[in-house]
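What follows is each chain in one-letter form.
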Amino acid sequence: MSRSLSDPLPTDPSRPADHIDQDEPDAIASPTLGPVEWLRWGWRQLTSMRTAILLLLLLAIASVPGSIFPQRTADPNGVLQYFRTNPDLAPILDGLQVFDLYNSAWFSGIYLLLFISLIGCIIPRTRHHWKALRTRPPRTPARLSRLSAHLVADVPTKAEDPAADAAATIASAAADLRRRGYRIERYDTARSWSVSAERGYLRETGNLVFHASLVGVLVAVLAASGFSYTGQRVIVEGTTFVNTLNDYSSFTPGRFVDGTQLDPYSLTLDSFDVSYVPPGEPGGGQAGDFAANLTIRDARTGTEDTESVRVNYPITVGSDRVYLLGNGYAPTITVRNSEGTVVYSESQPFLPQDSMMTSLGIIKVPDGLPEQVGLVGFFYPTQGALDTGAFTSVYPDVVNPVVTFNVFSGSLGIDNGVPRSVYTLDTSGMTQLTGGTSGAESIQLTPGQTADLPNGWGTVTFEDASGGTNPLAAVKRFASLDIKRDTGGPWVLAFATLATLGLITGLLVPRRRVFVKASVTGDPDEPTLRLEYAGLARGEDPQLPDAIAGIRDTHLAARDRPSSQTPSQRNSR
Amino acid sequence: MPDPESLTLDSISLLLVWTAIAVYLLAFVAYAIDLAQRSVRRDEPQRVPALVTAGGDTQNTGDERAALNEVRTRPGQRQRLLWARIGTVLTGFAFVFHLAGTIGRGLDAGRVPWANMYEFALTGTLLIVAVYLAVLRRYDLRFLGSFLIGMVALLLGGATLAFYVEVTPLMDPLKSVWLIIHVFVASLGTALFAISCGLSATQLLQARRERRASGKGGEDAKRSGLGYLRTLPTAEALESLAYRFAIVGFIFWTFTLIAGSIWANDSWGRYWGFDTKEVWTFVIWVLYAGYIHARATRGWRGTRSAWLSIIGFTAVLFNFTIVNMFFKGLHAYSGLT
């Protein structure tokens, strides 16, 4: 729709110069620019539509590598893995902040520029729209035939006085337009009577609300990130987590969170429920209906509560939300020295490695044995063997639970105060005593069994957590909980909803101007009224011709109604 | 083929889906014949009298209006194109089989039939056809039939071969009302983007023909480019139509993004985490935002914006296939191992 040809109205000064509704710029000799002009020129470039498109495309392209390369925020292990497999390339990519892409300087640069461009665009448009909202519809153009939609009907005058008839028929058109939600203004001259009408201010309002809400979303996200925190904690059945900084497995605070103001509550994992699709059925072995049954004690109110956290259904404790993120087995292992004294006894969470819950866990015994000892354990809830002879779990529930250990001795690397993960063992400074190439068989235990450690150092026992009463409860489970506070979420949602509403009105509400004009023509003895109906789209408006035709039909029908006389109508093209 | 004793609801569903694929292929052939016949037709097609007499002495707008009106005709007033009509009837039949197959799958699973890749392909293509058939009542888009139905047959056939999995119980994260809303609206948006893409591609062909025609002029010009293009609306009318489908698709996509964020907030404890699928949904959103801006920018309206629409839909397909299968992320619900 090249409306620049037919648009008799002044261009909109608030729009970027390259907006389709603006006139083509005249080719002019460029004058020499001073610093202020350069700044103004730069600002005009930044707020132009072309720049907006380029920045949008740039944003789209820049986002893609984040889906190809692992991200530290979403997949920290993937990043470590990438460094291991691509030792040459990884540091270069890291230098380009590819692993922290969405916090990187250049990605931030793109979206900040985009938002500056956006703000630079919406402020003048808001100002202009505010004025437009209080302006009357413009004067009826002299030549309506220049507008893109234009219909003509010649009708005989009904009254003695053609002028009075013309004024009356325009009044009826005006009333109809008003009923249709148009803002109207009469413009009568000596020889013509007309109404100028405009509707669809909501289109620009929606457009501005949409763009402003996007700024709102960004501000809410950035502002809230400083006051939010997220922490993870693994809780084994029967144990309690106290909501203090020390008790978290990991804790990621926002900039303004120091972790001393956490709500005083504790969570005890009473039990963990899970059900399995029986083997042989489609999806056999698939686990589901996870539920972590918690007892919540709130120190402030002194109340005690029980609640279940399930996937998709987090619970609210104080001002935190508690999510169920993962689960697994925590076999209870006891290590005794050669004198029978217990030197280690824990239900240690073993991390699942596959969907059948083959799980990996580490036991570290720093004191009480002749040397520091580390056990690398595999837990198989239902032990089976691969063709290679290696063990694997063939079903995720506890049917034939077996734990195996490779024993390492030497330095656990924890004496110099460097914090070490409880889930990994650095075996580089250690000697392997069982399994692998050590020559000795790995230790293999079922619940209740005990085996000797190498060198006669003592024994290791796989305790039956149910005390032998219930084989299905022989191994404890753990739940991995995510505890978070997000102050920005509701704001983000509110702005996003507002943006959607703005988008719908901004894209779908047509904005149009309609003119209805009556003029007296023909033989003075037998005058006829020439009625013109014209429409002008402001923005996309595919329905305009239909709308104008509808207005004409209603108007002519209304004109016919009072009298039985049928005026001959001639519709020109 | 399953033996009769094990004729479960799912195997009946599968049979219906294969039938649908076969009929879609026939419809595709019919639509292709239609395009070929349009090409050889010597005379200019009979123009349907415009519904609205639109004035204006600017030649551009007059042309466009006439062309638009040609697209916007009620079924009774259209050009009589035998093969196009056969194509549409076949598409209607195939749609019924397709719908029955999809409902059968849902009944067998006891849930909405869009919880893994196979089912999503089933429902997604069903919606493309549904939207196409619904739109046909208002616009004569039968010239898109060979593109859309061909694509549907390809996607559906490919998905049934490559992605088919038995009905399994839902995984925990999918047990949410958002599965129904988020995924359905995403499919609907995809359907609209598909039609928009088809229109944009046709627009590009038409624009090339128009450029050549205006360059050469005369009888020679009529033979330039693909012949059937002569019977189609102008590039400008196609663009305007493509835009209309794209903006509705964009609104659905925006909703998909927000609904997905709400779900992610319940399921994963954050509303946005740049998961691979989130990234691609965002990329698509940004591409279509770029497209909508391009439509309103001098120098970008026309061919350039049409390319953006095509790139946008390519990203949609990429997001559904490659990202689901090969990219590591939290949206790991393809059901494939």
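Counting of residues starts from 1 at the beginning of each chain's written sequence and follows it residue by residue. Written order determines the labels here, with chains lettered from A and ligands numbered from 1. Local features in a predicted model are, by the rule used here, given only for residues with pLDDT of at least 70; side-chain atom pairs are given and counted only at 80 or more, and totals for whole chains, interfaces and linings are based on all residues. Think of the side-chain values as coming from all heavy atoms in the structure, minus any hydrogens and water.

Take the overall build of chain B next. A count of helical and extended segments in chain B gives 10 helices and zero strands. Ordered by position from N to C terminus, the α and β elements of chain B give α-α-α-α-α-α-α-α-α-α. Only protein chains enter the accessibility calculation, which uses a 1.4 Å probe; a residue whose area is less than 20% of its type maximum is buried, one above 50% is exposed, and one in between is partly exposed. Going through the 337 residues of chain B one by one, you find that 60% of them count as buried. Accessibility throughout is a Shrake-Rupley quantity obtained with a 1.4 Å probe, and a residue counts as covered only by protein chains that appear here. In the form shown here, chain B has an accessible surface area of approximately 13,700 Å², with 66% of it arising from carbon and sulfur atoms. Each helix is a run of DSSP H or I of at least 4 residues and each strand a run of E of at least 2, with the numbering of both proceeding from the N terminus.

Further remarks concern the overall build of chain A. Check the secondary structure of chain A and you find 10 helices and 27 strands. The globule rule used for comparison is 2.2 Å times the number of residues to the exponent 0.38, while the radius of gyration itself is calculated over C-alpha atoms. Computed over its C-alpha atoms, the radius of gyration of chain A comes to 38 Å, more than 25% above the 25 Å expected for a compact globule of 573 residues. Considered along the principal axes of its C-alpha atoms, chain A spans approximately 130 × 65 × 55 Å. Sorting the 573 residues of chain A into buried and exposed places 49% on the buried side. Within chain A, contacts between residues separated by at least 24 positions form 64% of all contacts whose residues are at least 6 apart in sequence. In the structure as shown, chain A presents an accessible area of about 27,800 Å², 56% of it carried by carbon and sulfur atoms. We call two residues contacting when some pair of their heavy atoms lies within 4.5 Å.

Residue and element names in this part refer to chain B. Here a cavity means grid points, on a 1 Å grid over the protein atoms only, where a 1.4 Å probe fits yet cannot get out; a pocket means an open set of points with protein on both sides within 12 Å along at least five of seven lines; lining residues are those with an atom within 4 Å of a point. Grid points are joined across faces, edges and corners, and a volume is the space filled by probe spheres set on the points. One pass over the structure, following the stated rule, counts five cavities of 30 Å³ or more. In this structure, the largest cavity occupies an estimated 820 Å³ of space. What lines the largest cavity is a set of 42 residues, and nearest its centre among them are Phe-120, His-182, Val-183, Lys-277 and His-331. Within the residue set of the lining of the largest cavity, elements represented by two or more residues are helix H4 (117–136), helix H6 (177–216), helix H8 (235–267), helix H9 (276–295) and helix H10 (303–326). Tallying contributions element by element places H8 first for the lining of the largest cavity, with eight residues. Class assignment for the residues of the lining of the largest cavity results in 25 nonpolar, 15 polar and two charged. Delimitation of the domains relies on an automatic or database domain assignment. A domain split of the lining of the largest cavity shows at least three residues from each of domain 1 (8–36 + 74–169) and domain 2 (197–337). Gly falls in the polar group here, along with every residue not listed as nonpolar (Ala, Val, Leu, Ile, Met, Phe, Trp, Tyr, Cys, Pro) or charged (Asp, Glu, Lys, Arg).

All names here are of chain A. You can see Thr-268 is positioned in strand E7 (residues 265–276). A 3.5 Å cut-off defines polar contacts: any pair of N or O atoms within that distance qualifies, except that in protein one atom must be a possible hydrogen donor and the other a possible acceptor, and neighbouring residues in sequence count only when both atoms are side-chain atoms. Within the structure, Thr-268 has its side chain in polar contact with the side chain of Arg-297 (distance 3.0 Å). Excluding its chain neighbours within four sequence positions, the residues that come into contact with Thr-268 are Thr-239, Thr-240, Asn-293, Leu-294, Thr-295 and Arg-297.

Let us look at the sheet that holds E7(A). Residue and element names in this part refer to chain A. Each pair of strands is called paired provided DSSP finds at least two bridges between the two strands. With antiparallel pairing, the four strands of this open sheet are ordered in space as E5-E7-E8-E9. What marks the edges here is a single partner per strand, and that holds for strand E5 (240–242) and strand E9 (303–310). For this sheet, the mean angle separating the axes of adjacent strands, direction not counted, is 25 degrees. Pairing analysis gives eight bridges linking strand E8 (residues 287–298) to E9, with the strands arranged antiparallel. With axes taken as lines fitted to C-alpha atoms, and helix axes fitted only over the stretch in contact, angles between N-to-C directions fall between 0 and 180 degrees.

One frequent convention defines the size of an interface as the accessible area lost when the parts assemble. Residues and elements named next belong to chain B. What the domain assignment reports for chain B is domain 1 (8–36 + 74–169) and domain 2 (197–337). Each of domain 1 and domain 2 has a C-alpha centre, and the two are 21 Å apart. Contacts between domain 1 and domain 2 engage 18 residues on the former and 22 residues on the latter. Taking both partners together, domain 1 and domain 2 bury about 1,600 Å²; carbon and sulfur atoms supply 84% of that area. Note: buried area is the sum, over both parts, of the accessible area (probe 1.4 Å) each one loses when the two are combined.

Turning next to the sheet that holds strand E22 (residues 450–452) of chain A. Through backbone hydrogen bonds, the strands of a sheet pair up, either in parallel or in antiparallel fashion. Residue and element names in this part refer to chain A. With respect to topology, four strands assemble into an open sheet ordered E13-E12-E23-E22, the strand pairing being antiparallel. Looking at the sheet topology across the chains shown, the edges are occupied by strand E13 (342–347) and E22. Each strand axis lies, on average, 15 degrees off the axis of its neighbour in the sheet, ignoring direction. In terms of strand pairing, strand E12 (residues 332–337) meets E13 through five bridges, oriented antiparallel. When the bridges of E13 are listed, Ile-333 appears paired with Glu-346.

To continue, consider the packing of aromatic side chains. All names here are of chain B. By convention, a stacked pair of Phe, Tyr or Trp rings (six-membered ring in the case of Trp) has centres within 6.5 Å and planes under 30 degrees apart, an edge-to-face pair has planes over 60 apart, and any other such pair is tilted. Counting across every chain of the model gives 34 aromatic pairs over all chains. Ring geometry for Trp-272 versus Phe-282: centroids 6.2 Å apart, planes at 70 degrees, classification edge-to-face. One end of the pair, Trp-272, is in the loop between H8 and H9; the other, Phe-282, is in helix H9, with 10 residues separating them in the sequence. Arranged with centres 6.3 Å apart and planes meeting at 80 degrees, the rings of Tyr-288 and Tyr-291 form a pair that is edge-to-face. Taken together, the positions of Tyr-288 and Tyr-291, both in helix H9 and three residues apart, correspond to about one turn of that helix. The buried category is assigned to Tyr-288, whose relative accessible area is 0%.

Now for the pattern of salt bridges. All names here are of chain A. Here a salt bridge means any side-chain nitrogen of Lys or Arg lying within 4 Å of a carboxyl oxygen belonging to Asp or Glu. Throughout the structure, instances matching the rule amount to 32 salt bridges over all chains. One salt bridge in this structure joins Arg-300 and Asp-263, with 3.5 Å as the shortest N-O distance. A residue pair is termed long-range when its members are at least 10 positions apart, and Arg-300 in the loop between E8 and E9 and Asp-263 in the loop between strand E6 (250–253) and E7 qualify at 37 residues. Within this structure, Glu-198, Arg-511, Arg-513 and Arg-538 form a network of salt bridges that share partners.

Quick look at helix H3 (residues 82–109) of chain B now. Residues and elements named next belong to chain B. What a helix should span is 1.5 Å times the count of its residues minus one. Over its 28 residues, H3 extends 41 Å from the first C-alpha to the last, a length consistent with the 40 Å expected when each residue adds 1.5 Å. All buried positions along H3 are accounted for by Ala-84, Gly-87, Thr-88, Thr-91, Ala-94, Phe-95, His-98, Gly-101, Thr-102, Gly-104, Arg-105 and Gly-106. Tucked into the core, H3 has its buried residues touching helix H1 (9–40), H4 and helix H5 (145–162). Once H3 ends, the next one or two residues include Gly-110, with phi positive near 70 degrees.

As a further point, take the interface of chain B and chain A. In this complex, chain B contributes 65 residues to the contact, which on the side of chain A involves 72 residues. It is Asp172(B), Tyr271(B) and Arg298(B) in chain B that bury the most area against chain A; as a group they hold 13% of the surface buried on that side. Inspection of the chain B/chain A interface yields two salt bridges. On the surface where chain B and chain A come into contact, there are 15 residue pairs in polar contact (both at pLDDT 80 or more). Breaking the side of chain B that touches chain A down by element, the ones donating at least two residues are helix H2 (59–71), H8 and H9 of chain B. Sort the elements by how many residues they give to the side of chain B that touches chain A and H9(B) lands first, with 14 residues. Residue classes in the side of chain B that touches chain A are distributed as 32 nonpolar, 17 polar and 16 charged.

So, about the packing of helix H2 (residues 49–63) of chain A against helix H6 (residues 105–133) of chain A. Residue and element names in this part refer to chain A. Close contact between H2 and H6 brings their axes to 10 Å; oriented N to C, the two are set at 155 degrees. By the angle between their directions, the pair H2 and H6 is classed as roughly antiparallel. The hand of the H2/H6 crossing is left-handed. In contact with Ala-52, Leu-55, Leu-56, Leu-58, Leu-59, Ala-62 and Ser-63 of H2, H6 contributes Trp-106, Phe-107, Ile-110, Tyr-111, Leu-113, Leu-114 and Ser-117. An angle below 35 degrees is read as roughly parallel, one above 145 as roughly antiparallel, one from 65 to 115 as roughly perpendicular, and any other as oblique. A crossing counts as left-handed when the near helix is turned anticlockwise from the far one by less than a right angle, and as right-handed when that turn is clockwise.

So, about the packing of H2(A) against H9(B). The N-to-C vectors of H2(A) and H9(B) enclose an angle of 165 degrees; their axes lie 9 Å apart at closest approach. On the basis of the axis angle, H2(A) is roughly antiparallel to H9(B). The element H2(A) and its partner H9(B) pack so that their crossing is left-handed. Between H2(A) and H9(B), the residues in contact are Met49(A), Ile53(A), Leu56(A), Leu57(A), Leu59(A), Ala60(A) and Ser63(A) and Val279(B), Phe282(B), Val283(B), Val286(B), Leu287(B), Ala289(B), Gly290(B), His293(B) and Ala294(B), respectively. Of the residues assigned to the contact of H2(A) with H9(B), the class counts are 13 nonpolar, three polar and no charged.

To continue, consider the confidence of the model for chain A. All names here are of chain A. What pLDDT expresses is the predictor's confidence in each residue, scored from 0 to 100. Summary statistics for chain A give a mean pLDDT of 86 and a share of 94% for residues scoring 70 or more. The weakest mean pLDDT in chain A belongs to strand E27 (residues 570–571) at 42; the strongest belongs to helix H9 (residues 489–508) at 94. A low-confidence stretch, residues 1–10 stays under pLDDT 50, and its non-local contacts, those more than four residues away or across chains, total 25 contacts.

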